[in-house]
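Here is how the chains run, residue by residue.
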Amino acid sequence: MASAVKIAPSILSADFARLGAEIQAIEAAGADLIHVDVMDGHFVPNITIGPAVIKALRPHGKKPFDVHLMISPVDPYLEAFADAGADTLTVHPEAGPHVHRSLQQIRKLGKKAGVVLNPGTPIDEIDNLMDLVDLILIMTVNPGFGGQSFIESQLPKIEAARKRIDATGRDIALEVDGGITPQTAKRAIAAGATVLVAGTAVFQGGPSQYAANIAALRG
Ligand code: DX5
Ligand code: ZN
(Lines give C-alpha, C1' and ligand atoms only; values in the text may rest on other atoms or scores of the structure.)
(Ligands and ions follow the chains in the order given, each with its own letter.)
Protein backbone atom coordinates (compact mmCIF):
# COMPACT_ATOMS: atom_id res chain seq x y z
CA MET A 1 0.00 0.00 0.00
CA ALA A 2 2.71 2.49 0.98
CA SER A 3 4.32 2.47 -2.46
CA ALA A 4 0.97 3.33 -4.07
CA VAL A 5 0.47 6.47 -2.04
CA LYS A 6 0.37 9.76 -3.96
CA ILE A 7 1.91 12.98 -2.70
CA ALA A 8 0.07 16.25 -3.36
CA PRO A 9 2.19 19.23 -2.26
CA SER A 10 0.07 22.22 -1.22
CA ILE A 11 1.43 25.31 -2.95
CA LEU A 12 0.09 27.34 -0.03
CA SER A 13 3.55 26.81 1.51
CA ALA A 14 5.45 27.69 -1.69
CA ASP A 15 7.15 31.00 -2.48
CA PHE A 16 4.22 32.99 -3.88
CA ALA A 17 6.56 35.26 -5.86
CA ARG A 18 7.84 32.23 -7.81
CA LEU A 19 4.85 29.91 -8.03
CA GLY A 20 5.47 28.69 -11.59
CA ALA A 21 9.04 27.70 -10.78
CA GLU A 22 7.92 26.11 -7.50
CA ILE A 23 5.47 23.86 -9.36
CA GLN A 24 8.19 22.78 -11.78
CA ALA A 25 10.51 22.08 -8.85
CA ILE A 26 8.03 19.90 -6.93
CA GLU A 27 7.14 17.96 -10.07
CA ALA A 28 10.85 17.31 -10.71
CA ALA A 29 11.11 16.22 -7.05
CA GLY A 30 8.39 13.58 -7.46
CA ALA A 31 5.04 15.24 -6.73
CA ASP A 32 2.07 13.26 -8.09
CA LEU A 33 -0.53 16.04 -7.93
CA ILE A 34 -0.50 19.80 -7.38
CA HIS A 35 -2.79 20.76 -4.48
CA VAL A 36 -4.17 24.28 -4.75
CA ASP A 37 -5.87 25.81 -1.70
CA VAL A 38 -8.47 28.40 -2.65
CA MET A 39 -9.66 30.52 0.31
CA ASP A 40 -12.12 33.40 0.40
CA GLY A 41 -11.77 35.07 3.80
CA HIS A 42 -15.41 34.13 4.49
CA PHE A 43 -15.75 30.34 4.66
CA VAL A 44 -12.22 30.28 6.11
CA PRO A 45 -10.30 33.08 7.82
CA ASN A 46 -7.68 33.52 5.09
CA ILE A 47 -7.55 34.67 1.45
CA THR A 48 -5.35 32.98 -1.16
CA ILE A 49 -5.73 32.70 -4.90
CA GLY A 50 -8.46 32.52 -7.55
CA PRO A 51 -9.04 31.19 -11.07
CA ALA A 52 -6.84 33.78 -12.83
CA VAL A 53 -3.76 32.64 -10.93
CA ILE A 54 -4.56 28.96 -11.53
CA LYS A 55 -4.93 29.68 -15.24
CA ALA A 56 -1.54 31.42 -15.30
CA LEU A 57 0.08 28.52 -13.42
CA ARG A 58 -1.45 25.68 -15.43
CA PRO A 59 1.18 25.69 -18.25
CA HIS A 60 3.93 25.38 -15.61
CA GLY A 61 2.68 21.97 -14.43
CA LYS A 62 2.15 18.61 -16.13
CA LYS A 63 0.62 16.79 -13.16
CA PRO A 64 -3.11 17.05 -12.34
CA PHE A 65 -4.23 20.17 -10.46
CA ASP A 66 -6.16 19.14 -7.34
CA VAL A 67 -8.13 22.24 -6.43
CA HIS A 68 -9.51 22.47 -2.87
CA LEU A 69 -12.26 25.08 -2.78
CA MET A 70 -12.72 26.72 0.63
CA ILE A 71 -15.20 29.30 -0.59
CA SER A 72 -18.85 30.09 0.04
CA PRO A 73 -20.79 30.27 -2.17
CA VAL A 74 -18.97 27.82 -4.44
CA ASP A 75 -21.44 27.07 -7.26
CA PRO A 76 -21.08 30.41 -9.12
CA TYR A 77 -17.31 29.82 -9.47
CA LEU A 78 -17.09 26.13 -10.46
CA GLU A 79 -17.05 26.85 -14.17
CA ALA A 80 -14.28 29.45 -13.82
CA PHE A 81 -12.09 26.99 -11.91
CA ALA A 82 -12.81 24.24 -14.45
CA ASP A 83 -11.89 26.59 -17.33
CA ALA A 84 -8.73 27.68 -15.48
CA GLY A 85 -7.41 24.12 -15.74
CA ALA A 86 -8.40 22.32 -12.54
CA ASP A 87 -8.53 18.53 -12.95
CA THR A 88 -10.29 17.81 -9.67
CA LEU A 89 -12.59 20.22 -7.86
CA THR A 90 -13.21 19.46 -4.20
CA VAL A 91 -16.05 21.07 -2.27
CA HIS A 92 -17.11 21.32 1.39
CA PRO A 93 -20.70 20.43 2.42
CA GLU A 94 -20.20 22.91 5.28
CA ALA A 95 -19.92 25.71 2.68
CA GLY A 96 -23.47 24.89 1.54
CA PRO A 97 -26.07 25.19 0.39
CA HIS A 98 -26.41 22.04 -1.81
CA VAL A 99 -23.29 19.91 -2.00
CA HIS A 100 -25.04 17.25 -4.10
CA ARG A 101 -25.81 19.84 -6.75
CA SER A 102 -22.23 21.17 -6.65
CA LEU A 103 -20.87 17.66 -7.27
CA GLN A 104 -23.30 17.14 -10.15
CA GLN A 105 -22.18 20.42 -11.66
CA ILE A 106 -18.48 19.47 -11.39
CA ARG A 107 -19.19 16.18 -13.19
CA LYS A 108 -21.15 18.08 -15.85
CA LEU A 109 -18.11 20.31 -16.38
CA GLY A 110 -16.12 17.14 -17.14
CA LYS A 111 -13.94 17.31 -14.03
CA LYS A 112 -13.29 14.87 -11.22
CA ALA A 113 -15.45 15.62 -8.20
CA GLY A 114 -14.24 15.62 -4.61
CA VAL A 115 -15.98 16.10 -1.28
CA VAL A 116 -14.08 17.30 1.80
CA LEU A 117 -15.08 17.17 5.45
CA ASN A 118 -13.90 19.51 8.21
CA PRO A 119 -12.69 17.88 11.45
CA GLY A 120 -16.02 18.60 13.21
CA THR A 121 -18.18 17.10 10.46
CA PRO A 122 -19.31 13.47 10.86
CA ILE A 123 -18.43 10.90 8.20
CA ASP A 124 -22.13 10.20 7.50
CA GLU A 125 -22.19 13.43 5.49
CA ILE A 126 -20.76 11.49 2.53
CA ASP A 127 -23.24 8.60 2.66
CA ASN A 128 -25.59 10.06 0.08
CA LEU A 129 -22.81 11.37 -2.14
CA MET A 130 -20.79 8.23 -2.84
CA ASP A 131 -22.07 7.78 -6.40
CA LEU A 132 -20.99 11.32 -7.30
CA VAL A 133 -17.43 11.41 -5.97
CA ASP A 134 -14.01 10.50 -7.37
CA LEU A 135 -12.22 11.70 -4.25
CA ILE A 136 -12.95 11.99 -0.53
CA LEU A 137 -10.77 14.39 1.46
CA ILE A 138 -10.60 14.22 5.24
CA MET A 139 -9.29 17.44 6.82
CA THR A 140 -6.86 16.69 9.63
CA VAL A 141 -6.69 20.37 10.61
CA ASN A 142 -9.32 23.09 10.53
CA PRO A 143 -9.02 24.68 7.09
CA GLY A 144 -7.49 28.12 6.65
CA PHE A 145 -3.77 27.88 7.31
CA GLY A 146 -0.73 25.74 6.70
CA GLY A 147 1.57 24.68 9.52
CA GLN A 148 -1.04 23.42 11.99
CA SER A 149 -0.89 20.18 14.00
CA PHE A 150 -2.51 16.94 12.85
CA ILE A 151 -5.78 16.26 14.71
CA GLU A 152 -5.57 12.66 15.95
CA SER A 153 -9.33 12.21 16.30
CA GLN A 154 -9.62 12.15 12.50
CA LEU A 155 -7.87 8.77 12.19
CA PRO A 156 -11.05 6.74 12.87
CA LYS A 157 -12.81 8.96 10.34
CA ILE A 158 -10.22 8.06 7.70
CA GLU A 159 -10.84 4.37 8.53
CA ALA A 160 -14.60 4.90 8.24
CA ALA A 161 -14.16 6.58 4.86
CA ARG A 162 -11.98 3.65 3.72
CA LYS A 163 -14.77 1.18 4.62
CA ARG A 164 -17.34 3.19 2.70
CA ILE A 165 -15.08 3.40 -0.36
CA ASP A 166 -14.31 -0.33 -0.29
CA ALA A 167 -18.04 -1.09 -0.08
CA THR A 168 -18.60 0.74 -3.38
CA GLY A 169 -15.99 -1.33 -5.23
CA ARG A 170 -15.02 1.87 -7.05
CA ASP A 171 -11.62 3.48 -7.27
CA ILE A 172 -12.30 6.56 -5.12
CA ALA A 173 -9.19 8.39 -3.89
CA LEU A 174 -8.94 8.92 -0.11
CA GLU A 175 -6.98 12.07 0.61
CA VAL A 176 -5.87 13.64 3.89
CA ASP A 177 -4.93 17.29 4.35
CA GLY A 178 -3.30 19.09 7.27
CA GLY A 179 -0.37 18.47 9.59
CA ILE A 180 1.09 15.69 7.44
CA THR A 181 4.67 14.83 8.41
CA PRO A 182 6.61 11.58 7.87
CA GLN A 183 5.19 10.41 11.23
CA THR A 184 1.54 11.32 10.68
CA ALA A 185 1.76 10.16 7.06
CA LYS A 186 2.39 6.59 8.25
CA ARG A 187 -0.68 6.68 10.47
CA ALA A 188 -2.88 8.16 7.74
CA ILE A 189 -1.71 5.50 5.27
CA ALA A 190 -2.35 2.76 7.83
CA ALA A 191 -5.88 4.13 8.26
CA GLY A 192 -6.46 3.81 4.51
CA ALA A 193 -5.37 7.10 2.91
CA THR A 194 -4.09 6.95 -0.68
CA VAL A 195 -3.25 10.64 -1.26
CA LEU A 196 -1.34 12.85 1.17
CA VAL A 197 -1.53 16.64 0.95
CA ALA A 198 1.45 18.36 2.54
CA GLY A 199 2.55 21.98 2.53
CA THR A 200 5.07 22.61 5.29
CA ALA A 201 6.58 19.12 5.12
CA VAL A 202 7.29 19.40 1.38
CA PHE A 203 8.48 23.00 1.10
CA GLN A 204 10.61 23.27 4.23
CA GLY A 205 14.31 23.79 3.52
CA GLY A 206 13.80 25.12 -0.01
CA PRO A 207 14.07 23.50 -3.46
CA SER A 208 17.19 21.46 -2.70
CA GLN A 209 15.18 19.54 -0.08
CA TYR A 210 11.97 18.88 -2.03
CA ALA A 211 12.90 15.42 -3.33
CA ALA A 212 14.05 14.22 0.10
CA ASN A 213 10.98 15.75 1.76
CA ILE A 214 8.61 14.01 -0.67
CA ALA A 215 10.46 10.69 -0.35
CA ALA A 216 10.23 10.91 3.45
CA LEU A 217 6.44 11.17 3.23
CA ARG A 218 6.22 7.98 1.16
CA GLY A 219 7.72 6.13 4.12
C1 DX5 B 1 -5.47 24.09 5.02
C2 DX5 B 1 -5.09 23.58 3.64
C3 DX5 B 1 -3.94 22.64 3.60
C4 DX5 B 1 -2.66 23.20 4.16
C5 DX5 B 1 -1.75 22.06 4.55
O6 DX5 B 1 -6.64 24.82 4.91
O7 DX5 B 1 -6.19 22.93 3.07
O8 DX5 B 1 -3.74 22.15 2.29
O9 DX5 B 1 -2.01 24.03 3.28
O10 DX5 B 1 -0.62 22.62 5.12
P11 DX5 B 1 0.32 21.81 6.10
O12 DX5 B 1 0.82 20.61 5.36
O13 DX5 B 1 1.40 22.79 6.41
O14 DX5 B 1 -0.50 21.42 7.31
ZN1 ZN C 1 -6.06 21.81 1.08
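Preceding this section is the structure that the text describes.
Residues numbered from 1 in each chain as written. Chains lettered and ligands numbered in written order. Predicted model: local features only at pLDDT ≥ 70, side-chain atom pairs only at ≥ 80, totals over all residues. Heavy atoms only, no water.

1. A look at unusual backbone geometry
With an omega dihedral of 5°, the bond running from S72 to P73 counts as a cis peptide bond. Inspection of the secondary structure assignment puts P73 in the loop between β3 (65–70) and α3 (78–84). Going from G96 to P97, the amide bond is cis rather than trans, its omega being -5°. Along the polypeptide, P97 turns up in the loop between β4 (88–91) and α4 (99–108). (Helix = DSSP H or I, 4+ residues; strand = E, 2+ residues; numbered from the N terminus.)

2. Observations concerning the pattern of salt bridges
Taken as a whole and assessed by the stated rule, the structure comprises eight salt bridges. Residues E22 and R18 are paired through a salt bridge, measuring 3.7 Å at the closest nitrogen-oxygen approach. Given a relative accessible area of 3%, E22 falls into the buried group. A cluster of three or more residues bridged by salt bridges with shared partners is formed by D124, D127 and R164. (Salt bridge = Lys/Arg side-chain N within 4 Å of Asp/Glu carboxyl O. Buried < 20%, exposed > 50% of the residue type's maximum accessible area, 1.4 Å probe, protein only.)

3. Here's the deal with the site of ligand 1
Around ligand 1 sit 20 residues in total, of which D37, G144, D177, G199 and T200 are the nearest. Contact between ligand 1 and S10: an oxygen atom at 3.2 Å from a side-chain N or O atom of the residue. In the environment of ligand 1, an oxygen atom lies 2.5 Å from a nitrogen or oxygen atom belonging to the side chain of T200. For ligand 1, the protein covers 99% of the area, taking 380 Å² as the surface of the free molecule. The site holding ligand 1 turns out to be the second largest pocket. Where the shell around ligand 1 is concerned, the elements lending two or more residues are β2 (34–39), β3 and β8 (195–198). (Near = heavy atom within 4 Å. Polar contact = N/O pair within 3.5 Å; in protein donor to acceptor, adjacent residues only side chain to side chain. Areas by Shrake-Rupley, 256 points an atom, 1.4 Å probe, with all protein chains shown as cover. 1 Å grid on protein atoms, 1.4 Å probe; cavity = no way out; pocket = protein on both sides within 12 Å on 5 of 7 lines; lining within 4 Å. Sits in = over half its atoms within 2 Å of the grid points.)

Without other data, these values stay purely geometric and don't point to any function.
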